[in-house]
Amino acid sequence: MKIAFLGLGDIGTPMAHHIAGSKHELTVWNRTTSKAEDFVKAHNNVVVASSPADAVGGRDVVITCLPSSVEVEELLHRKDGMLPSLQEGSVLLDCTSGDPETSRDIAAELATRGIEFVDAPVSGGTIAAVEARLTVMCGGSEAAFTRVKPVIEIFGKKIVYCGPVGTGHTVKAVNQALLAVHILATAEALVAASKAGVNPAVALDVINASSGRSNSSENLIPARALTREFPRTFRLALLDKDVDIAARLAQSVGVPAPLMQLAARLTREAHELLGEEVDHVEAVRFVEKHGGAEIRDTAK
Ligand code: NDP
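Predicted model only: the values in this text are computed from it and were never measured.

Draft legend 1. Quick look at the side chain of S217. With respect to the element layout, S217 can be found in helix α10 (residues 215-226). For S217, a relative accessible area of 0% gives the class buried. Among the polar contacts listed, one links the side chain of S217 to the backbone nitrogen of S214, at a separation of 2.8 Å. Setting aside chain neighbours within four positions, we find S217 in contact with T186, L204, I207, N208, G212 and P222.

Draft legend 2. Spatial organisation of the nonpolar core. Membership of the largest hydrophobic core comes to 39 residues, with the highest contact counts inside it found for I221, V243, V284 and I295. For this core, the secondary structure elements donating two or more residues are α8 (167-195), α9 (200-207), α10, α11 (236-252), α12 (258-274) and α13 (283-291). Ranked by the residues each element gives to this core, the list is headed by α8, at 10 residues. I221 has contacts with I183, T186, A187, L190, L204, S216, L226, V284 and I295, leaving out every residue within four places of it along the chain. Within the second largest apolar cluster, 36 residues are counted, among which are I11, V136, C138 and V151.

Draft legend 3. Looking closely at the packing of aromatic side chains. For the coordinates displayed, the defined rule picks out one aromatic pair. Measuring from centroid to centroid gives 5.1 Å for F145 and Y161, while their planes differ by 35°, and the two rings are tilted. Remark: Y161 occurs in strand β9 (residues 156-163) and F145 occurs in helix α7 (residues 142-152); sequence separation between them is 16 residues.

Draft legend 4. The arrangement of the site of the ligand in detail. Neighbouring residues of the ligand: 28 residues in total, closest D10, N30, T32, K35 and T233. Between the ligand and T32, the relevant distance is 2.4 Å, taken from an oxygen atom to a side-chain nitrogen or oxygen of the residue. Protein chains bury 92% of the 900 Å² of accessible surface belonging to the ligand in isolation. For the shell around the ligand, the secondary structure elements donating two or more residues are α4 (69-77), α6 (125-130) and α11. It is α4 that provides the largest number of residues to the shell around the ligand, a total of three residues. Here the shell around the ligand is built from residues that sort into 10 nonpolar, 10 polar and eight charged. Two domains each provide a minimum of three residues to the shell around the ligand, namely domain 1 (2-165) and domain 2 (170-291).

Draft legend 5. Geometry of α13. For α13, the set of buried residues is A283, V284, F286, V287 and E288. Close packing links the buried residues of α13 with α8, α10, α11 and α12. Just downstream of α13, G292 is the residue with a positive phi angle, here 80°.

Draft legend 6. Inspection of the domain arrangement of the chain at higher detail. Segmenting the chain into domains produces domain 1 (2-165) and domain 2 (170-291). Centre-to-centre, using C-alpha coordinates, domain 1 lies 28 Å away from domain 2. Residue-level contacts link 13 residues of domain 1 with 10 residues of domain 2. Overall, the association of domain 1 and domain 2 removes approximately 980 Å² of surface from exposure, summing both partners, and the carbon and sulfur fraction of that is 60%.

Draft legend 7. Local environment of the pairing of strand β5 (residues 91-94). The two faces of β5 match: V91 and L93 on one face and L92 and D94 on the other face are all buried. As paired strands, strand β4 (residues 61-64) and β5 are joined by four bridges and run parallel to one another. Residue pairing for β5: V62 is matched across the bridge by L92. The handedness of the β4 to β5 crossover, carried by α4, is right-handed.

Draft legend 8. Quick peek at the packing of α9 against α10. Between α9 and α10, whose axes approach to 11 Å, the crossing angle comes to 165°. In terms of orientation, α9 and α10 fall into the roughly antiparallel class. As α9 packs across α10, the resulting crossing turns out to be left-handed. Residues P200, A201, L204 and I207 of α9 form the contact with α10, whose participating residues are S217, I221, P222 and L226. When grouped by side-chain class, the residues that make up the contact of α9 with α10 number seven nonpolar, one polar and no charged.

Draft legend 9. Here's a closer look at α4. Within the sequence span of α4, burial applies to S69, V72, L75 and L76. End-on view of α4: buried residues confined to an arc of 120°, all on one side of the axis. In this fold, the buried residues of α4 make contact with β1 (2-6), β2 (25-29), α3 (52-56), β4, β5 and α5 (100-111).

Thresholds, definitions, all that
- Residues numbered from 1 in each chain as written.
- Predicted model: local features only at pLDDT ≥ 70, side-chain atom pairs only at ≥ 80, totals over all residues.
- Heavy atoms only, no water.
- Helix = DSSP H or I, 4+ residues; strand = E, 2+ residues; numbered from the N terminus.
- Buried < 20%, exposed > 50% of the residue type's maximum accessible area, 1.4 Å probe, protein only.
- Polar contact = N/O pair within 3.5 Å; in protein donor to acceptor, adjacent residues only side chain to side chain.
- Contact = heavy atoms within 4.5 Å.
- Core = buried A, V, L, I, M, F, W, Y, C linked by side-chain atoms within 4.5 Å.
- Phe/Tyr/Trp six-rings, centres within 6.5 Å; stacked < 30°, edge-to-face > 60°.
- Near = heavy atom within 4 Å.
- Areas by Shrake-Rupley, 256 points an atom, 1.4 Å probe, with all protein chains shown as cover.
- Nonpolar A, V, L, I, M, F, W, Y, C, P; charged D, E, K, R; others polar.
- Domains from an automatic or database assignment.
- Buried area = accessible area lost by both parts, 1.4 Å probe.
- Pairing = 2+ DSSP bridges.
- Right-handed = clockwise from strand over helix to strand, strands pointing away.
- Axes fitted to C-alpha atoms, helices over the stretch in contact; angles between N-to-C directions.
- Parallel < 35°, antiparallel > 145°, perpendicular 65-115°, else oblique.
- Left-handed = near helix turned anticlockwise from the far one by under 90°.
- Arc of directions from axis to C-beta.

Listed below in structure tokens is the structure:
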């Protein structure tokens, strides 16, 4: 198959590396061209496209992995954009964590040209991407999903068909709302315990053998907050975008979801305080600032 990949960011790059190493023919495009040029240095069989239009012409599957649906729409419609060059019968496989409504609009526009759309956001983080074991949640027609599944299998391990266009993005958004709730709630619990005189490392040891545990308490906070290392794998700005999608989605279907709405507000405030480039787990700094204590191992 001829495949195009647009968006060589933190997660897009390792995903594209696996496709470059497969039997398929790959063209890449990235807004910052130097990143695409660095990418092809590692794969001499891959071609760098000069524009989104150039990337997608004659391709069977076009993969986008961009910050949000806003950029997907922009790449379709800009002057040198994808839309006029996408070939009839091709599939746009959108691995962006996008918003379901925009994706349904895009799918409807593409359908008038005989092009299918599958939303296929991923989860598992950059480590799972490097190890080609991402979870991929897909929305689209079953026929289009069946066609692109062999491509998704190159970087995904658990691949779930969720239903029509937009359902992959819906599942991703609600998962991200849970992630934000878990990070913020665990941070609140540890800051409170710390101010009450308990070493956060000791509190975590107990929580992780008890019913309050989560991926945030078992993995994210010990490895990133307790160590104060905060490596960047997934930007807080992107989590803010995701939780906002979930909160708006809940509202649009008439579910009050006060926890989701609050998580969206707090994640936005943390993003505003900490800026565009910090990792999502740094949201704990926002809780620490208001709580007046840090989540660190006080025995060290
Ligand atoms: P990054 O911010 O690292 O990369 C974003 C990519 O989009 C870059 O290639 C960037 O280009 C490109 N881009 C940004 N704005 C534009 C624009 N206006 N026009 C064209 N290209 C643009 O994001 P990630 O790779 O981390 O995330 C990509 C998607 O995957 C997001 O939706 C995110 O929520 C999701 N995701 C990320 C995970 C992670 O662990 N990082 C995990 C699961 C999902 P440039 O290089 O020029 O900046």
